[in-house]
Amino acid sequence: MTAQDGEDEGIADALALVSRDSAAPRDPGRAWSAGRPAGGATGRGASPDRDPGRDHGSGRGHGAGQDHGGGFAGASGRRPEPWAVARALAARAGRSSPSAAARPLPLDQALGLALAEPLTALTDLPSFDTSAMDGWAVSGPGPWSVRRPGGEAADASDNNGILAGHDAVAALPDGAAVRIATGARVPPDTSAVIRSEHARTDSGGHLHAEREVVPGQDIRPRGQECRFGDRLLPAGSLVTPAVLGLAAAAGYDELLTVPRPRVEVFVLGDELLAAGLPHDGLIRDALGPMLAPWLRALGAEVVATRRIGDDAGALHGAITTSTADLVITTGGTAAGPVDHVHPVLRKAGAELLVDGVAVRPGHPMLLARLASGRHLVGLPGNPLAAVSGLLTLAEPVLHALAGRAPGTPYRALLRDAVQGHPHDTRLVPFVHRDEGLVPLRFNGPAMLRGIAGADGLAVVPPGGGRPGEELEVLDLPWAASAEGGCFT
């Protein structure tokens, strides 16, 4: 099964897990809706069936708790996608997007990219029989007469031996021993290598083993690790430092890799300050400084971060003229008076693929296919809600664009109970402890204090999680060595 087959199977599995509401059929053409959001909601996101005590804001990030309830429709009138389905759709969208051609790069420039083809051994590893230890190469049973590499007799004090990097030497006669260094080519007819500390010499120039000698011991035979033509890694593997070392050992000077996807970020909102303390109703822009390095950690090349404000015309121009592989906007994803993302996308001829996700925080996130065939991810304006959107929609798109093989989800035990939402998935910052996952406080939609000290986000199903229960884990890119986040 290829990585693509596995991803398609994952999408099918995710879709199969979802029970569709037959009373509220979805628009098969995924068209834009000119009417009110489903459920009788107002433009600001009020809903008669929302959770009591919950605020439902515009997704602009003007305050905490601005999420929609589990049954609330997106601004286009469509019901939100279940969280797992939204991620699967995002991965599929990334695979369908136009992408740059793979290109060969020298090893020192390939770090953090994905292999565009399998890594196949260009030689046997090792390419000849080598010594695994400093010691003595011996032939036949002992004791052995000590020889020089050329075959002439030597006394016990003679330090001449076979060194790594030297050409082949003569075959070793039966009953002979010669000094050998780690990594050196083993002479033909060598029975074993005896470690220096496991042997002694006598005054007559003979070598004696102080332990049993097993044929083949401490010899790395040719092809022990791989044979010429063996597939060492599949396409889509992330190039880590270890992969660079393996590629070099296997004979590569350059690797065929998938270029980093190019991302442009548009920060919306007239209320945002680029510097200084909040004042007079203005607040600091937390997303502008955070998104670019986060996206780079996910493997993207961020070509620009632009502050556009609440200007629909400027936003339309920015979206329709961008040449980035992925456009990301912040805020303005709901239906308030200055929430321009939906109207601008409609005017630009975009197709909504995901309009709202049943997740807390971050419900009013969206994914659209632009007229160019490229994609746009609209993040909510609240900071932690934006992080939720990054991991739910942007990360799967980017990994697909970057040619990375789909990651394998993993689960971990929960140490402390965590509150759930009645209908939606929750993403809760946590830290790893010996006893299990520990949920962190300060996990409201507008808060970054919890995620700043977190190892990742726990995927909490509707209803919450109990101590000892296993939850799916989303590692943060800089905390997930297996995903290579720190190698970008």
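How each quantity is defined
Residues numbered from 1 in each chain as written. Predicted model: local features only at pLDDT ≥ 70, side-chain atom pairs only at ≥ 80, totals over all residues. Heavy atoms only, no water. Pairing = 2+ DSSP bridges. Helix = DSSP H or I, 4+ residues; strand = E, 2+ residues; numbered from the N terminus. Axes fitted to C-alpha atoms, helices over the stretch in contact; angles between N-to-C directions. Contact = heavy atoms within 4.5 Å. Salt bridge = Lys/Arg side-chain N within 4 Å of Asp/Glu carboxyl O. Buried < 20%, exposed > 50% of the residue type's maximum accessible area, 1.4 Å probe, protein only. Parallel < 35°, antiparallel > 145°, perpendicular 65-115°, else oblique. Left-handed = near helix turned anticlockwise from the far one by under 90°. Phe/Tyr/Trp six-rings, centres within 6.5 Å; stacked < 30°, edge-to-face > 60°. Lys NZ or Arg CZ within 6 Å of the ring centre and 35° of its normal.

Let's talk about the sheet that holds strand 21 (residues 351-355)
One open sheet holds the six strands; their spatial order is 19-16-20-24-23-21, and the pairing between them is mixed. Bordering the open sheet on either side are strand 19 (301-307) and strand 21, each of which pairs with just one other strand. Put simply, the sheet's adjacent strands are angled 20° from each other on average, direction ignored. As paired elements, strand 23 (residues 366-369) and strand 24 (residues 375-379) share four bridges and run antiparallel to each other. Its bridge partner being in strand 24, Leu-367 is matched across the sheet by Val-377. Against the sheet, helix 4 (residues 287-297) touches strand 16 (262-267), strand 19, strand 20 (326-330) and strand 24, its axis set at about 170° to strand 19.

Describing the pattern of salt bridges
Inspection of the entire model under this criterion finds nine salt bridges. The residue Asp-124 makes a salt bridge to Arg-227 at a minimum N-O spacing of 3.1 Å. Here Asp-124 is found in the loop between strand 4 (119-120) and strand 5 (130-131), whereas its partner Arg-227 is found in the loop between strand 13 (219-220) and strand 14 (231-233), with 103 residues between them in sequence. Owing to a relative accessible area of 9%, Asp-124 belongs among the buried residues under this scheme. A salt bridge links Arg-306 to Glu-264; the nearest nitrogen and oxygen atoms lie 3.5 Å apart. With a gap of 42 residues between them, Arg-306 in strand 19 and Glu-264 in strand 16 connect regions that are remote in the sequence. By relative accessible area, which is 37% here, Arg-306 ends up partly exposed. Because the salt bridges share partners, they merge into one network encompassing Asp-124, Arg-222 and Arg-227.

So, the packing of helix 4 against helix 7 (residues 383-401)
Remark: helix 4 packs on helix 7, axes separated minimally by 12 Å, with the N-to-C direction vectors making an angle of 25°. If you check the angle between helix 4 and helix 7, you find them roughly parallel. Crossing handedness for the pair helix 4 and helix 7: right-handed. Residue-level inspection shows Leu-287, Met-290, Leu-291, Trp-294 and Leu-295 of helix 4 in contact with helix 7, the latter providing Pro-383, Ala-386, Val-387, Leu-390, Leu-391 and Leu-398.

Things to note about the pairing of strand 22 (residues 357-360)
Residue alternation in strand 22 divides its side chains into two sets, Val-357 and Val-359 and Ala-358 and Arg-360, and both sets are buried. Of the strand pairs in this sheet, strand 1 (residues 81-82) and strand 22 are connected by two bridges, and their pairing is parallel. Along strand 22, the bridge assignment pairs Pro-82 with Ala-358. Relative to strand 26 (residues 425-433), strand 22 runs parallel, the two being bridged by two bridges. Of the residues in strand 26, the one forming a bridge with Arg-360 is Arg-426.

Focus: the packing of aromatic side chains
Counting across every chain of the model gives one aromatic pair. Ring geometry for Trp-294 against Trp-478: centres 4.7 Å apart, planes inclined by 70°, an arrangement best described as edge-to-face. Here Trp-478 lies in the segment after strand 29 (470-475) and Trp-294 lies in helix 4, a separation of 184 residues in the sequence. Using a relative accessible area of 47% as the deciding quantity, one classes Trp-478 as partly exposed. Cation over ring: Arg-449 sits above Phe-442, and NZ or CZ is 4.0 Å from the ring centre.

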